[in-house]
Amino acid sequence: MKKFFELLSKYFGVMAVVFLLLGLFTSDKWLWVMGNVKGVSVMSMMLGVIMFGMGTTSDYKDFLGIFKRPKDVFLGALAQYTIMPFLAFALAKLFQLDDGLTAGLVLLGTCPGGTTSNVITYMSKGDLAYSVTMTSVSTLLSPIMTPLLTFWLIGANIKFDPVGMFLSILEIVILPVALGLMLKTFLPKVGETVASYTPGVSSLTICLILAGVIGASHDAILNHFGMIMLVVVLFNLFGYLLGFAAAKLNGLSWKKSVTLAIEVGMQNSGLATGLSKVHFASLPAAVIPGALFSAWFTISGAVLAWVCTTYLNPYFGKENNDDTSKNENVAVSA
């Protein structure tokens, strides 16, 4: 059974594409993901499972990393919450997206990084300790930064409740992460056992969310697919490039620059999709950017890791002044 869940985690990218296609061509089979059980959103519960997995594969020391490298972490958080929100807003304006797609794209840009970035950083031979710290810090900041930036960028034109979004993030993100972290800290043997399964469970859960969102938005996606897919690809690739540029302009080493590029370019698309469904319920198309991003960034991240390890690192990655962590036990969540 453990091997099965390890395979789910290992082939997450392939699964994401498969479930995207399943959502498109068998859309009615996945609509339950968008429903409720006794008044509680199924998707919100699924996101809670994913974030709990992040907690079980984290360590309280990850959240204290800011004290070890405050300048680098501050730069990472600043890049995360400036580059992607404003890039999303600029692309929405440039491509004249409608209100639903604009809301979904901007919300995707204001969400924190997901822990898939930790996996891609490890595969790219970047600074894993820096990656985990940045993901942890951006997640802790998200209850404030995500609703604040979303309201600032689109609140004048698209109405939503930023306070309600703040509470949603506390429920969906902070509480489950805290529970997972507490389990690992106070019941380490149980936490270790659970952590061996949560990456695979998280991968499968993300794929189910992806199929559900795609299925529920089947017609809208087909109507907008070419344009919004182009926007999502540009959003991700420019995120990588601008994140890398920000790192090099501030004198970071090659490994940290690659890490910052990945952290900036990869968003927590599952969270963005869930928040879009709840807080932009009157705009069904708002879930589309996050759903397509879930499938796309797993592909782009794998390609980036291959390019880095095969071509770039041998020439540019010779500086070894980074205290790169060897911890390989990282949850896969978007």
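What counts, and at which threshold
Residue positions are counted from 1 within each chain, in the order its sequence is given. With pLDDT at 70 or above as the cut-off, local features in this predicted model cover only qualifying residues; side-chain atom pairs require 80 or more to be listed or tallied, and sums for whole chains, interfaces and linings still use all residues. Calculation of side-chain values draws on the structure's entire complement of heavy atoms; hydrogens and water are dropped beforehand. Labels follow the DSSP assignment, with helices taken as runs of H or I lasting at least four residues and strands as runs of E lasting at least two, numbered in each case from the N terminus. Here the globule rule reads 2.2 Å times residues to the power 0.38, and the radius of gyration is calculated from C-alpha atoms. The buried label goes to any residue with under 20% of its type's maximum accessible area, the exposed label to any with over 50%, and the partly exposed label to all in between, with areas taken from a 1.4 Å probe on protein chains only. Throughout, a residue-residue contact means that at least one pair of heavy atoms, one from each residue, lies within 4.5 Å. UniProt positions are given in the numbering used here, feature names are shortened, and annotations may be inferred rather than shown by experiment. For Phe, Tyr and Trp, rings pair up if their centres lie within 6.5 Å, where Trp contributes its six-membered ring, and each pair is then called stacked (planes under 30 degrees apart), edge-to-face (over 60) or tilted (otherwise). Our arc is simply the arc of the directions from the helix axis toward the C-beta atoms. In plain words, nonpolar cores are sets of buried Ala, Val, Leu, Ile, Met, Phe, Trp, Tyr and Cys residues tied together by side-chain atoms within 4.5 Å. An axis is simply a line fitted to the C-alpha atoms; with a helix, the fit covers only the stretch in contact. Between two such axes, the angle follows the N-to-C directions and lies from 0 to 180 degrees. Roughly parallel refers to an angle under 35 degrees, roughly antiparallel to one over 145, roughly perpendicular to one between 65 and 115, and oblique to any angle outside these ranges. Handedness of a helix crossing follows the sense of rotation of the near helix relative to the far helix, less than a right angle counterclockwise being left-handed and clockwise being right-handed. In this classification, the charged set is Asp, Glu, Lys and Arg, the nonpolar set is Ala, Val, Leu, Ile, Met, Phe, Trp, Tyr, Cys and Pro, and all remaining amino acids, among them Gly, are polar. Here, expected helix span is obtained from the residue count minus one, scaled by 1.5 Å.

## A word on the overall build of the protein chain
Part 1: Helix and strand content of the protein chain: 16 helices and 2 strands.
Part 2: By the compact-globule yardstick of 20 Å for 334 residues, the protein chain fits well, its C-alpha radius of gyration being 18 Å.
Part 3: When the backbone C-alpha atoms are referred to their principal axes, the protein chain occupies close to 50 × 45 × 35 Å.
Part 4: Sorting the 334 residues of the protein chain into buried and exposed places 57% on the buried side.
Part 5: Put simply, of all contacts in the protein chain between residues at least 6 apart along the chain, 85% involve residues at least 24 apart.

## A few points about the UniProt feature "transmembrane region" (unreviewed entry) in the protein chain
Part 1: As annotated by UniProt and renumbered to match this structure, "transmembrane region" (unreviewed entry) occupies residues 7–25, 31–52, 73–95, 128–154, 166–187, 194–215, 221–247 and 285–307.
Part 2: Secondary structure content for residues 128–154 is 100% helix and 0% strand, while the C-alpha to C-alpha distance between its ends is 34 Å.
Part 3: Structurally, residues 221–247 is divided into 100% helix and 0% strand, and its ends, taken at the C-alpha atoms, are 35 Å apart.

## Digging into the packing of aromatic side chains
Part 1: One pass over the full model with this rule turns up 11 aromatic pairs.
Part 2: Look at Phe293 and Phe297: their rings are 5.2 Å apart centre to centre, the planes differ by 55 degrees, and that puts the pair in the tilted class. With Phe293 and Phe297 both in helix α16 (residues 288–316) and 4 residues apart, the pair spans about one turn of that helix. Accessibility classification places Phe293 together with Phe297 in one group, the buried group.
Part 3: Ring-pair connections join several aromatic residues into one group, and the members of that group are Phe4, Phe5 and Tyr197.

## A word on helix α1 (residues 2–10)
Part 1: Listing the buried residues of α1 in full gives Phe5, Leu8 and Ser9. Buried residues along α1 cover an arc of 95 degrees about the axis, so they all sit on one side. In α1, those exposed residues whose orientation departs by more than 90 degrees from the buried face are Lys3 and Lys10.
Part 2: Turning to α1, the residues buried within the fold contact α2 (12–25) and α12 (198–216).

## Re the nonpolar core
Part 1: Ranked by size, the top nonpolar core spans 85 residues in total, and within it Leu105, Phe235 and Phe280 carry the most contacts.
Part 2: Among the elements that take part in this core, helix α13 (residues 218–249) stands out by supplying 10 residues, more than any other.
Part 3: With sequence-adjacent residues up to four places away left out, Leu105 is seen in contact with Ala88, Leu91, Ala92, Leu97, Val231, Phe235 and Pro289.

## Side note on the packing of helix α3 (residues 42–56) against α12
Part 1: Where α3 contacts α12, the two axes come as close as 9 Å, and the packing angle between them is 155 degrees. What the angle tells us is that α3 and α12 run roughly antiparallel. The chirality of how α3 crosses α12 is left-handed. Facing α3, whose interface residues are Met43, Met46, Leu47, Val49, Ile50, Gly53 and Thr56, α12 presents Thr198, Val201, Ser202, Thr205, Ile206, Leu208, Ile209 and Val213.
Part 2: Of the residues in the contact of α3 with α12, the class split is 10 nonpolar, 5 polar and no charged.

## As for the environment of Leu210
Part 1: Along the chain, Leu210 falls in helix α12.
Part 2: Once the C-alpha coordinates of Leu210 and Met15 are considered, the two residues, 195 residues apart in sequence, prove to be 10 Å apart.
Part 3: Beyond its immediate sequence surroundings of up to four residues, Leu210 is in contact with Ala16, Leu20, Ala291, Ser294 and Ala295.

## Some points on the environment of Leu241
Part 1: Take Leu241: it is sitting in helix α13.
Part 2: Separated by 135 residues in sequence, Leu241 and Val106 place their C-alpha atoms 19 Å apart.

## Quick notes on α2
Part 1: For α2, with 14 residues, the first-to-last C-alpha span of 20 Å sits near the 20 Å given by 1.5 Å per residue.
Part 2: Those residues of α2 lying buried are Phe12, Met15, Ala16, Phe19, Leu20, Gly23 and Leu24.
Part 3: Looking at the buried residues of α2, the elements they touch are α1, α8 (116–123), α12, α13 and α16.

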